[in-house]
Each structure stands twice: as C-alpha cells, then as structure tokens.
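Close look at the chain arrangement
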Amino acid sequence: MAVNPDKLMAFMGKLVGDLGAMMSIGPMVIGEKLGLYKAMADGSPVTAADLAAKTNTNERYVREWLCSQAASGFVEYDPATEAFAMTEEQAAALGAEGGPFYFLGAIELAVAMVRDEAKILEAFRTGQGVGWHEHDACLFRGTERFFRPGYMRHLLSEWIPALDGVQAKLEAGGSAADVGCGHGASTVLMAQAFPRSHFYGFDYHAPSIEKARAAAAAAGVGDRTTFEVAPAKAYPGSGYDLVTFFDCLHDMGDPTGAARHVHSTLAETGVWMIVEPMASDKTEENLNPIGRVYYSASSFICTPASKAQEVGLGLGAQAGEARLRKVIADGGFQHVRRAAETPFNMVLEARC
Ligand SMILES: C[S@@+](CC[C@H](N)C(=O)[O-])C[C@H]1O[C@@H](n2cnc3c(N)ncnc32)[C@H](O)[C@@H]1O
C-alpha cells in the first residue's frame, strides 16, 4: 500500500488533536477537584499566582495547568497582562456545578472507562459481560452528573409536555415509576415539579438506590418519592400513569422482558417514556461526534452491562429507533411514536 504523505500528515494532525483531548482528562479532573474552574467562574482575569492563592494550591503547578487549559480552549489568555479568564460560556460548562450546562460529569465517566480497562479487555476476549455494578464507583456518580444537566434542560419543559396527557395527570396527582433510576436525578426533578404525585424509583443496583434516597431527602421530596431495589422485569406496583426509562433500556440484558413488565404495570391510559441515546438506524449516520461518544461508552459500559444479564441482548447505546421500536412492540405495546428529541437523546412514547 502506498502511503499518501499529505493524507498521512492530515491524519497525524487529527490524532494529535485527539491526543490533547485525551490527555486533558487528568487536568480536568484536577481542575474540578481543586476548585480551579469554580474559582475562575466569575470571569475575572487571574494570574497563576492569583489562582493559586484563591485555591490554596501551588503557583508553579497552577501556571502549567492554566496554560494547558488555554491551549485546550477552556480558558482565554491575555499575553499583555499574562492573565487567564473564562468567558461566560466556558464558566457555564466548566465552572457552574449543578447548572444545566455543566460538563465535567462526563469526564468522570471517561475516568471510569480507563479504570475498568482490564475487565473490559477480558470481556472482549471471552464475550462475557461486565455488570453495571462491577464498574468503578465513579461510573455511578459520573453518570448522574453527566445526564442531570440534560434532564434539567429538557425533561420538564419539553419531554413530559410532549407526552399524551401525562402533564395533566401528574399535576392532578398520579403515580409514576422511574425504572433504572440510578442516583434518582430524573426522579427528583419530576417529584419537585409535581408535588401532588408520587414517584417510585427502581434500580437493581443497591448503592445507587441509597444515593437516590439521600438525594430526594436533600431536595425535600422524600415524602413523595419511594426508592426500592428492583429489577426492570419485576419491580412492584401497578396502575402507573407514567413509567420512565432514562438511558437504561439498552443497558438491560432482556429489554423485551422489561417492556412486557412495563406493559403489565401501566394504567390502561398510562404512558411509557423511553429516553434513549440519539442514533440513526444506519451505522454510517452515527459516525459523528455524538456517535463517537456513545459507541465508545457502549463498548466499555452499556454492551458489557447488557451481556452480563439474562438474555444478554446487547442493544448498545446506538441501537437506533427501529431496533428500539421492535423491542417495545415485542413487549406488547401497540402505539409508539417519537415524542421529542435533542442532539443527545430521543424520547419515545409507548402506549398499550
Ligand atoms: C446509564 S445508567 C442511567 C441511570 C439513570 N436513569 C440516569 O439517567 O441517570 C443505567 C441504569 O440502569 C440500571 N439497570 C441496568 N440494568 C437494570 C435492570 N435489569 N433492572 C433495573 N435497573 C437496571 C443500572 O443499575 C443503572 O443505574
């Protein structure tokens, strides 16, 4: 094969850019843990000495960190004053923890992937699964922190209003089950918005359920939430007005079995909301930055999680709407439609 030197250099250039992004993981983790981003979030220009003094850290290290951040485009540098500052947009993404655009939860997911490499390596060889619960604990916290900002932006203002009759039922006082609820970010948001309704959060992962309970209590919605350890195919209760699956159907080994159980637990006019990663049915249409994130996470987290469970279907995080619709229909649902979407998620509504 003859190598085209121009194409090779262009490819090497792309890889160097990607390498810089990969090597930013450490500085981003440090920046969050030491409060470096937060200390810059008000937009005031800082020198390394200023930032080190503000955060009780070492100036020499902080200078190197600031330069890495400026080279990454995460902060701005003014050569005239030798000061660094964050724009409002950089501060929203990197400095405003708990806000709707906060990004650093995603980095914790990336850390979990690196830490679990040995287990996944073995799984690639054997074809065995690696259960959600078998991952490094930073996966659970990282997942919550990665997804919560998106739920804050879209769940109450777009997704629930897009469902057939659900908003009115929850306002009047209904019941909802949030299955695969993890740390309960979505459950708590819904409970805050609909004080007359009761929200049940279920997840097979006991430590996540404990965190969800604590999060609900801290948010003041402990009275209208109940969290229990339960698998998607056998959670308790019936007559739910709404059942929600946030970014978890594809993680399950037997999503069709789960769909069947949802069908049996919904009220006659109840709605199943399935929030799944945005993906086309065609692989070639997923070969973009979003698909890159999801396929990478899927190979280390979602597909192994599914393969570790009964049936082990392994839908993957880029299953696409057609495959999801088949799972939902095989579970007994007659009506499925795409109710809403964002660049990261598609929201399907299923009714009996
Ligand atoms: C990607 S996380 C999403 C968590 C949460 N819904 C969120 O959006 O933050 C997937 C969740 O599904 C849960 N899960 C996976 N398989 C499950 C099953 N068969 N039954 C119940 N929960 C399951 C995992 O424990 C994990 O909390």
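The rules behind these values
- Residues numbered from 1 in each chain as written.
- Predicted model: local features only at pLDDT ≥ 70, side-chain atom pairs only at ≥ 80, totals over all residues.
- Heavy atoms only, no water.
- Core = buried A, V, L, I, M, F, W, Y, C linked by side-chain atoms within 4.5 Å.
- Buried < 20%, exposed > 50% of the residue type's maximum accessible area, 1.4 Å probe, protein only.
- Helix = DSSP H or I, 4+ residues; strand = E, 2+ residues; numbered from the N terminus.
- Contact = heavy atoms within 4.5 Å.
- Phe/Tyr/Trp six-rings, centres within 6.5 Å; stacked < 30°, edge-to-face > 60°.
- Domains from an automatic or database assignment.
- Buried area = accessible area lost by both parts, 1.4 Å probe.
- Salt bridge = Lys/Arg side-chain N within 4 Å of Asp/Glu carboxyl O.
- Pairing = 2+ DSSP bridges.
- Right-handed = clockwise from strand over helix to strand, strands pointing away.
- Near = heavy atom within 4 Å.
- Polar contact = N/O pair within 3.5 Å; in protein donor to acceptor, adjacent residues only side chain to side chain.
- Areas by Shrake-Rupley, 256 points an atom, 1.4 Å probe, with all protein chains shown as cover.
- Nonpolar A, V, L, I, M, F, W, Y, C, P; charged D, E, K, R; others polar.

1. Points about the nonpolar core
Judged by nonpolar contacts, the single largest core of 45 residues is most densely connected at Leu155, Trp159, Leu242 and Met273. If you tally residues by element for this core, the top one is helix 9 (residues 138-162), at 9 residues. Tryptophan 159 has contacts with Tyr151, His154, Phe246, Met273, Val275, Ala340, Thr342, Asn345 and Val347, leaving out every residue within four places of it along the chain. Membership of the second largest hydrophobic core comes to 29 residues, among which are Tyr235, Val262, Ala319 and Leu324.

2. Let's talk about the packing of aromatic side chains
Here the structure, examined in full by the defined rule, presents 14 aromatic pairs. Ring centres 4.7 Å apart and planes at 40° place the aromatic pair tyrosine 77 and phenylalanine 84 in the tilted group. In this structure phenylalanine 84 comes out as buried when scored by relative accessible area, which is 5%. Summarising the aromatic geometry, the rings of tyrosine 151 and phenylalanine 246 are spaced 4.9 Å apart at their centres and angled 55° between planes, so their arrangement reads as tilted. Taken as a pair, tyrosine 151 in helix 9 and phenylalanine 246 in strand 6 (residues 240-246) lie far apart in primary sequence, 95 residues in all. Among the aromatic residues, those joined into a cluster by ring pairs are Phe146, Phe147, Tyr151, Trp159, Phe246, Tyr294 and Phe344.

3. Some details on the domain arrangement of the protein
When the parts of a complex come together, some accessible area is lost, and that lost area is often used as the size of the interface. In terms of domains, the protein is made up of domain 1 (22-94) and domain 2 (105-351). Of all residues in domain 1, Ile25, Met28 and Glu32 bury the most surface against domain 2, accounting for 79% of the area lost on that side. The interface formed by domain 1 and domain 2 holds 1 salt bridge in total. For glutamate 32, the salt bridge is made with arginine 145, and the minimal N-O distance between the two is 2.7 Å.

4. A look at the pairing of strand 6
In terms of residue burial, strand 6 counts as a mostly covered element, since 7 of its 7 residues are buried. Of the strand pairs in this sheet, strand 3 (residues 175-179) and strand 6 are connected by 4 bridges, and their pairing is parallel. The residue of strand 6 that forms the bridge with alanine 176 is leucine 242. Here strand 6 pairs with strand 7 (residues 266-277) via 6 bridges, running parallel. Residue pairing for strand 7: phenylalanine 245 is matched across the bridge by isoleucine 274. Assessed by its sense of winding, the connection that carries the chain from strand 6 through helix 13 (residues 255-265) to strand 7 is right-handed.

5. What about the site of the ligand?
Taken together, 19 residues sit near the ligand, with Tyr151, Gly180, Asp203, Phe246 and Gln309 positioned nearest. The separation between an oxygen atom of the ligand and a polar side-chain atom of aspartate 203 is 2.6 Å. Residue phenylalanine 246 places a main-chain N or O atom 2.9 Å away from a nitrogen atom belonging to the ligand. The protein chains hide 95% of the 590 Å² of surface that the ligand would expose on its own. Ranked by residues supplied to the shell around the ligand, first place goes to helix 9 with 3 residues. Taken together, the residues of the shell around the ligand break down into 11 nonpolar, 5 polar and 3 charged.

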